[in-house]
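What the coordinates show
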Amino acid sequence: MVEQTYIPEMIWTRRELHRRPELGWREFRTTERIVKTVRSLGFDTVLGLKLFNTDYTFGREPEAIRNACNQALRDGMDAELLQEMQGYTGCMAVFDTGRPGPVTAFRFDIDCVAVEEEKTDNNEAWAQGFTSEVCGLMHACGHDGHTAVGLTLARWIHDHADSLCGRIKLIFQPAEEGTKGAAGIAYSHNLDDVDYFVGAHLGVKARLHEVGIVRSGFLSTTKYNVRFHGVAAHSGSCAQLGRNALMAACNAAVQIMGIPRHGQGNTNVNVGVVRAGEGRNIVAAHAFMELEVRGEDTEINRYMEDSAKRMLAGCAQSYGVQHEVEIAGMATSVVSDKPLCDLIGQIARMTDGVERVFDIEACPGSEDCSLLMQAVQRHGGQAAFFFYGCNHPGHHLKNFQIQDTVSLPIGLNIFAELTRNLNASR
C-alpha cells in the first residue's frame, strides 16, 4: 500500500484544481501546475508541438485559446513557460530511472466541463469550501481527481526511484471532453516505445469502494462540425435567387437522426446543435451543425459515419448549397489485454478500501484514451483501462462529487503498485 504521507497533499491538490477549472485546450494554469511539479521531481517534460501530431488535434478554437492565454498571463502565469507551450496545453512527464527495463505509460485527463456548480450543502465542494471559482465551469467529471492522482504518483515515483527500472511516462492529456485531445498524442511518436499503458476514470460504473476493470467496451465515435453555405435573398421579392442553408441543415438533421441502426452492434447518433438564419424575411445563407455518431466497434461506427456524410451531401445538393465537414473529435472501442487486466484486478483486491472488483465487458459512452491504448497495442504493447469508484449522482451534473479522501487513495495505490510490479528493479 502507498504510504499515508502522500494522501493529504493529493487531496489538497485535487481541491485546488477543483477551484480553478479550465475547458479543453485552454488548461494553461493547470498545465503550469503540472509542469512545475513534475520538473521539481526530476521528470523530463514533453510540451507544445512536441507532444502532438497537429493533424489530429481536434476541436481547437483559436480565438478562445488566445483569450485563455491572455487570461492566464493576467492571472500571473509564467510567461516563459506559456511561450514554451506554443499554445498547446497538456504535458507528458518522463522519468528515466537510468536502469534498463520496460517503458510504462499512464494517462490522466485534465479538462473540465461547462457546468455551473451547485452551491448548496448537497454538493460536497460547497459544504467543504472548495467550490469552483469560475462562473459556468466545473470539474463535473472527476478530471481534477485524475490530475491529482497523477501528480502524487509522480512524487511517489521520485521517492521510490531506487527500486524501479526502465522509464515511466505520465501523460496529462488535455481536451478529453468531446474526445478531442488524445488523437494528437496517439498519432505522434510519443508512444512508440511504450510496453505497458493504463488509463482509468473515477466513477462511471463503479461506486465507492469498487474497482471495475474494462476488459472491453466503450463506443467508437466521431464528432463533426458542419457548415452550410448558401445564397441570401429576400424571401418575398426574389426567393428564387436564394439557396437556403437553413433548410439544408434542418433536413440533414432529420435524416441523420433516422439512420437505420446496425444489426451487428450498438449504434447511437445525435444532432446536438443547429444554428442558422439572419432574419424572418431572408433566405438563410449560412448554417452550422454539431453532430456525433457512435458504434460498438470501428466498422459499425464507420457505417454511421458514411451514412451521415451521405445525407449531409445529399441535402446540400438538394438545396444547391455548399457544405464543409470537419472532424471535431474521435475515439474507438476498447479491448484490454488480459494479463494487464488480471494484474490490475490482483492489485485492486489487495488495496485497502476496495470491497468489490468486477469485470466490464460492455460500456456505453466513449473515451478517447482508447486511441492511446490502440497506439500502444498496434506495436505489440499491452494496454488496459479501469474505473475506481465514487458515489456520484451522474457525470456532468452540477453536484458531481467523488468523496476524494476515500476514492483517490484507491486510484493512487493501484497506479503505484502497477508501477512497482511492471518496473521493479531487476
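This section reports on the structure supplied with the text. (Residues numbered from 1 in each chain as written. Predicted model: local features only at pLDDT ≥ 70, side-chain atom pairs only at ≥ 80, totals over all residues. Heavy atoms only, no water.)

Concerning the overall build of the protein
Heads up, the rule is: Counting from the N terminus, the helices are DSSP H or I runs at least four residues long and the strands are E runs at least two residues long. For this measure, only C-alpha atoms enter the radius of gyration; the expected value for a globule follows 2.2 Å times N^0.38, where N is the number of residues. Here's how the labels work: a residue is buried when its accessible area is under 20% of the maximum for its type, exposed when over 50%, partly exposed in between, all with a 1.4 Å probe on protein chains only.
In terms of regular secondary structure, the protein is built from 12 helices and 16 strands. Compactness check: the protein gives a C-alpha radius of gyration of 23 Å against a globular reference of 22 Å for 426 residues, within 12% of the reference. The C-alpha extent of the protein, read off along each of the three principal axes, is 80 × 50 × 45 Å. In the protein, which comprises 426 residues, the share counted as buried stands at 57%.

Looking at the sheet that holds strand S16 (residues 382-388)
Note the threshold: Two strands qualify as a pair provided DSSP detects at least 2 bridges between them. Comment: axis = line fitted to C-alpha atoms, over the contacting stretch for helices; angle = value between 0 and 180 degrees taken between N-to-C directions.
Strand order in this open sheet of 8 strands is S1-S2-S4-S3-S5-S16-S6-S15, and the pairing throughout is mixed. Sheet topology places strand S1 (44-46) and strand S15 (356-360) at the edges, where each strand pairs with a single neighbour. Shown here is a sheet whose adjacent strand axes are inclined to one another by a mean of 20 degrees, direction ignored. Sheet analysis places strand S5 (residues 196-202) next to S16, joined by 7 bridges and oriented parallel.

Quick look at helix H10 (residues 338-349)
One turn of the α-helix equals 3.6 residues, which is why residues spaced by three or four share an orientation. Condition: Expected span of a helix, by definition, is 1.5 Å for each gap between consecutive residues, and there is one gap fewer than residues. Here a residue-residue contact requires only that any non-hydrogen atoms of the pair lie within 4.5 Å.
Between its first and last C-alpha atoms H10 spans 16 Å; for 12 residues at 1.5 Å apiece the expected length is 16 Å, and the two agree. Among the residues making up H10, those that are buried are Leu340, Cys341, Leu343, Ile344, Gly345, Ile347 and Ala348. On its buried face, H10 is in contact with S5, strand S6 (210-214), S15, S16 and helix H12 (404-422).

Here's the deal with the environment of Leu73
Position of Leu73 among the secondary structure elements: in helix H3 (residues 62-74). Considering only alpha carbons, one finds Leu73 and Phe28, 45 residues apart in sequence, at a separation of 9.4 Å.

Looking at the packing of aromatic side chains
What describes a pair of aromatic rings is the distance from one ring centre to the other and the angle between the planes of the rings. Test applied: Here a pair means two rings of Phe, Tyr or Trp (six-membered ring of Trp) with centres within 6.5 Å. Their orientation is stacked below 30 degrees between planes, edge-to-face above 60, and tilted elsewhere.
Taken as a whole and assessed by the stated rule, the structure comprises 14 aromatic pairs. When the centroid spacing of 6.1 Å and the interplanar angle of 85 degrees are considered together, the rings of Trp25 and Tyr88 count as edge-to-face. Of the two residues, Trp25 is situated in the loop between helix H1 (7-19) and helix H2 (28-40) and Tyr88 in the loop between helix H4 (79-85) and strand S2 (91-96); the sequence distance between them amounts to 63 residues. Just as Trp25 is buried, Tyr88 falls in that class too.

Let's talk about the environment of His18
Secondary-structure assignment places His18 in helix H1. According to the relative accessible area criterion, His18 is buried, its value standing at 0%. Separated by 116 residues in the primary sequence, His18 and Val134 place their C-alpha atoms 9.8 Å from one another. Not counting chain neighbours up to four residues away, the residues in contact with His18 comprise Glu117, Ala125, Phe130, Thr131, Ser132, Met138, His139 and Asp144.

Focus on the layout of surface pockets
Quick reminder of the rule: A 1.4 Å probe that fits into a set of points on a 1 Å grid over the protein atoms alone but cannot get out defines a cavity; an open set with protein on both sides within 12 Å along at least five of seven lines defines a pocket, and lining residues are those with an atom within 4 Å of a point. Grid points are joined across faces, edges and corners, and a volume is the space filled by probe spheres set on the points. By the convention adopted, Pro, Cys, Tyr, Trp, Phe, Met, Ile, Leu, Val and Ala count as nonpolar, Lys, Arg, Asp and Glu as charged, and the other residues, Gly among them, as polar.
In this model, the largest pocket occupies a volume close to 1,200 Å³. For the lining of the largest pocket, the elements supplying multiple residues, two or more each, are H3, strand S8 (220-229), strand S10 (267-276), strand S12 (286-295) and strand S13 (322-331). The dominant element in the lining of the largest pocket, judged by the number of residues it contributes, is S12, at 5 residues. Partitioning the lining of the largest pocket into residue classes produces 18 nonpolar, 12 polar and 15 charged. What the second largest pocket holds in volume is close to 480 Å³. Around the second largest pocket, the lining comprises 18 residues; the ones closest to its centre are Arg20, Pro21, Glu22, Arg29 and Asp75. Where the lining of the second largest pocket is concerned, the elements lending two or more residues are H1, H2 and H3. Sorting elements by how many residues they give to the lining of the second largest pocket places H2 first, with 5 residues.

Some details on the sheet that holds S13
Spatial ordering of the open sheet is given by S10-S12-S8-S13, a layout of 4 strands whose pairing is antiparallel. Where the open sheet ends on each side, the last strands, each with one partner, are S10 and S13. For this sheet the average axis-to-axis angle between neighbouring strands, irrespective of direction, equals 15 degrees. When S10 meets S12, the two strands line up antiparallel, connected through 9 bridges. Directly across from Val273, in S12, lies its bridge partner Glu290.

Things to note about the side chain of Glu117
Note the cut-off: In this tally Asp and Glu are treated as negative and Lys and Arg as positive; neither His nor the chain ends contributes. A side-chain nitrogen of Lys or Arg and a carboxyl oxygen of Asp or Glu constitute a salt bridge if their distance falls within 4 Å. We define a polar contact as two N or O atoms separated by no more than 3.5 Å, with the added condition that, inside protein, one atom must be a possible hydrogen donor and the other a possible acceptor, whereas residues neighbouring each other in sequence contribute only through side-chain atom pairs.
Position of Glu117 relative to the elements: it lies in the loop between strand S3 (103-109) and helix H5 (124-128). The charged side chain of Glu117 is buried without a salt bridge, its nearest counter-charge being Lys119 at 6.3 Å. Within the local environment of Glu117, its side chain forms a polar contact with the backbone nitrogen of Ser132, the two atoms lying 2.7 Å apart. Discounting chain neighbours no more than four positions away, the residues touching Glu117 are His18, Asn123, Ala125, Thr131, Ser132, Met138 and Lys398.

Here's the deal with the packing of helix H8 (residues 245-257) against helix H9 (residues 298-318)
The criterion, for reference: For classification purposes, an angle smaller than 35 degrees is called roughly parallel, one larger than 145 roughly antiparallel, one from 65 to 115 roughly perpendicular, and anything else oblique. Crossings are classed by handedness, with left-handed meaning an anticlockwise turn of the near helix from the far one by less than a right angle and right-handed meaning a clockwise turn.
It is the contact of H8 with H9, at a shortest axis distance of 9 Å, that shows an interaxial angle of 150 degrees. Our classification of the angle between H8 and H9 gives roughly antiparallel. Note that H8 runs across H9; the crossing there is right-handed. On the side of H8, the interface is formed by Ala248, Asn251, Ala252, Gln255 and Ile256, while H9 contributes Ala308, Met311, Leu312 and Cys315. Residue classes in the contact of H8 with H9 are distributed as 7 nonpolar, 2 polar and no charged.

Considerations on unusual backbone geometry
Peptide bonds are trans in most cases, and residues, glycine excluded, mostly fall at negative phi. For Gln86, which is not glycine, the phi torsion reads 60 degrees and is therefore positive. Take Gln86: it is sitting in the loop between H4 and S2. A positive phi angle is found at Phe218, which is not glycine, with a value near 65 degrees. Residue placement: Phe218 occurs in the loop between strand S7 (216-217) and S8. We classify Phe218 as buried; its relative accessible area is 6%.

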